[in-house]
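These are the residues of each chain, in order.
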There are 2 protein chains.
Amino acid sequence: MKWQQQKSLATREKVLRAALVCLERDGFHHLSLVRVASEAEVSKGALTHHFSSKDELITLAMEVLLDEFVQTLRASVDDVHAGRVSLDECLDGIWHFMSGQLYMVTLEIALKARHEAAFKSALTPLVQHFHAQLNDIWIRLFPDLTPERAQVLMNLTMNLLRGMGTQSVFREDPSYFNELLDTWKNILDQQLPRGKDHKY
Amino acid sequence: MKWQQQKSLATREKVLRAALVCLERDGFHHLSLVRVASEAEVSKGALTHHFSSKDELITLAMEVLLDEFVQTLRASVDDVHAGRVSLDECLDGIWHFMSGQLYMVTLEIALKARHEAAFKSALTPLVQHFHAQLNDIWIRLFPDLTPERAQVLMNLTMNLLRGMGTQSVFREDPSYFNELLDTWKNILDQQLPRGKDHKY
DNA sequence: TATAAAAAACCGTCCAGTCTGTTTTTAACA
DNA sequence: TGTTAAAAACAGACTGGACGGTTTTTTATA
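Residues numbered from 1 in each chain as written. Chains lettered and ligands numbered in written order. Predicted model: local features only at pLDDT ≥ 70, side-chain atom pairs only at ≥ 80, totals over all residues. Heavy atoms only, no water.

Enquirer: Tell me about the packing of helix α4 (residues 54-81) of chain A against helix α6 (residues 101-115) of chain A, residues and numbers included.
Expert: Residues and elements named next belong to chain A. The geometry of α4 relative to α6 is characterised by a closest axis approach of 11 Å and an angle of 140 degrees between their N-to-C directions. Viewed along their axes, α4 and α6 form a crossing whose handedness is left-handed. Where α4 approaches α6, its residues Asp55, Ile58, Met62, Leu65, Leu66 and Phe69 are matched on the opposing element by Gln101, Leu102, Val105, Thr106, Ile109 and Lys112. Residues that form the contact of α4 with α6 fall into these classes: 8 nonpolar, 2 polar and 2 charged. (Axes fitted to C-alpha atoms, helices over the stretch in contact; angles between N-to-C directions. Helix = DSSP H or I, 4+ residues; strand = E, 2+ residues; numbered from the N terminus. Left-handed = near helix turned anticlockwise from the far one by under 90°. Contact = heavy atoms within 4.5 Å. Nonpolar A, V, L, I, M, F, W, Y, C, P; charged D, E, K, R; others polar.)

Enquirer: Give me the lowdown on the domain arrangement of chain A, citing residues and values where you can.
Expert: Residue and element names in this part refer to chain A. Split into domains, chain A comes out as domain 1 (1-51) and domain 2 (54-191). Taking only C-alpha atoms, the centre of domain 1 and the centre of domain 2 are 26 Å apart. With 17 residues of domain 1 at the contact, the number on the domain 2 side is 14 residues. A combined buried area of about 1,500 Å² lies between domain 1 and domain 2, and 76% of that area is made up of carbon and sulfur atoms. Viewed at the interface, domain 2 and domain 1 are joined by 1 salt bridge. Put simply, the parts of the chain that give the side of domain 1 that touches domain 2 at least two residues each are α1 (3-26), α2 (33-39) and α3 (44-50). In terms of residue count, α1 provides more of the side of domain 1 that touches domain 2 than any other element does, 9 residues in total. Of the residues assigned to the side of domain 1 that touches domain 2, the class counts are 12 nonpolar, 2 polar and 3 charged. (Domains from an automatic or database assignment. Buried area = accessible area lost by both parts, 1.4 Å probe. Salt bridge = Lys/Arg side-chain N within 4 Å of Asp/Glu carboxyl O.)

Enquirer: Give a detailed account of the nonpolar core, specifying residues and quantitative values.
Expert: Counting residues in hydrophobic clusters, the biggest one holds 141 residues, and the most contacted among them are A:Val36, A:Ile94, A:Trp138, A:Phe142, B:Val36, B:Ile94 and B:Trp138. When near neighbours in sequence (up to four residues on either side) are disregarded, A:Trp138 contacts A:Leu73, A:Ile94, A:Ala150, A:Gln151, A:Met154, A:Asn155 and A:Met158. (Core = buried A, V, L, I, M, F, W, Y, C linked by side-chain atoms within 4.5 Å. Buried < 20%, exposed > 50% of the residue type's maximum accessible area, 1.4 Å probe, protein only.)

Enquirer: Please give an account of the protein's contact with DNA strand D that cites residues and values.
Expert: Neighbouring residues of DNA strand D: 18 residues in total, closest A:Leu33, A:Lys44, A:Lys54, B:Ser43 and B:His50. At a separation of 3.4 Å, a phosphate oxygen of DNA strand D approaches a polar side-chain atom of B:Ser8. Between B:Ser43 and DNA strand D, the recorded distance is 2.7 Å, taken from a side-chain N or O atom to a phosphate oxygen. Residue composition of the surface near DNA strand D, grouped by class: 4 nonpolar, 11 polar and 3 charged. (Near = heavy atom within 4 Å. Polar contact = N/O pair within 3.5 Å; in protein donor to acceptor, adjacent residues only side chain to side chain.)

Enquirer: Account for the side chain of A:His50, with residues named and values stated.
Expert: Residue and element names in this part refer to chain A. In this fold, His50 is placed in helix α3. Judged by relative accessible area, His50 falls into the buried class, the value being 16%. Sequence-distant contacts of His50, that is, excluding residues within four places in its chain, are made with Ser8, Thr11, Arg12 and Glu56.

Enquirer: Go over the UniProt feature "DNA-binding region" (unreviewed entry) in chain A with me, naming the residues and quoting the values.
Expert: Following the UniProt record, the feature "DNA-binding region" (unreviewed entry) maps to residues 32-51 of chain A here. The distance from the first to the last C-alpha atom of residues 32-51 of chain A is 13 Å, and the span holds 70% helix and 0% strand. (UniProt positions renumbered as here; feature names shortened; annotations may be inferred.)

This is the structure:
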């Protein structure tokens, strides 16, 4: 690869990463192009050279974030499948992710999309692809359930964690969330088939 | 009551209501004082006369919203208690609320609070009071459960609905959400004691 | 030298908060 | 009761700053 091309790619990468940091730390309506540029240690000119608008930048950053989440999750589910980690630990991992950067950025983005049609249509295919990937993962997580049942149970789980993530803004009380999570683990366990050879 | 006082109260009420409408329709970072004033059919001068800052306005509007939700919910739970409506219908009512104005405005506010310490501390007592009221309501909803169990189950429920509310931004598919909600109703039902005289 | 990348100056817009002026209501008092 | 002064409610112009996007200039590579 040519040197110029390398440098260009590196700059893009730095800017995207910085955008995620700023989104998570400052929130969308405190995010400005100069801030992102400064976080990326790049001039505003360089930023606008690579990204034609703020919306485009954010959309691409979002894509990076969702991809990383899917990869992490896939690895975790593989571990469950191979018996390396328990289902409970896998859920803990998802909760960790959902109470951290991913979910907050997602929220910022979702609210923006809610009020800006153009942005929303740019983002919708991305989100749909994300959910399709998730659905595949859920099926692999619960091979003993029907695909539909696995998806419903895990969509419940994800939405529960989403809600908990939201509440965690105002309620910084790990024991409260742990209790909820433990209760949910129990309930989820009750929903799994006990035997080996039947589909629930 | 003196006429001036009446007029003053009416203006405040109009502005607060308009603020909620704008928050829900336009989102926080498209909300400006002139927009709220125009929505309320009041001059910007009148608005600033009654509310010393944008943050104060939003905080007070939030208070109105939460109070109304608590009242509605309390009435609904009374209906369940009196056998006028089923638990399922009560949940439907909460879901209706959560997929509407209340929750979206709450989200906007929560994200703002997440990044602005002063705003957050102004809002925290309000939110805590709100949750305390909710906890009382949950106990009354499930008199056959221990208070702790009732609260855990309903906090799970609320967080599930929160998450579903969030997802509804991108996924406008009522049947999907209905399936989730039905599944949850079943699960919740399984968690309730069958007998009459024991605490679970 | 030609071209891509990066930097920085610049412009138009928007908005919260301030300030000044005007109208309406209330209170005091002769 | 009629008059007037004070206070409250309201209206709108203005300001200072932030920001997104554009354009121009400089630098580095091929």
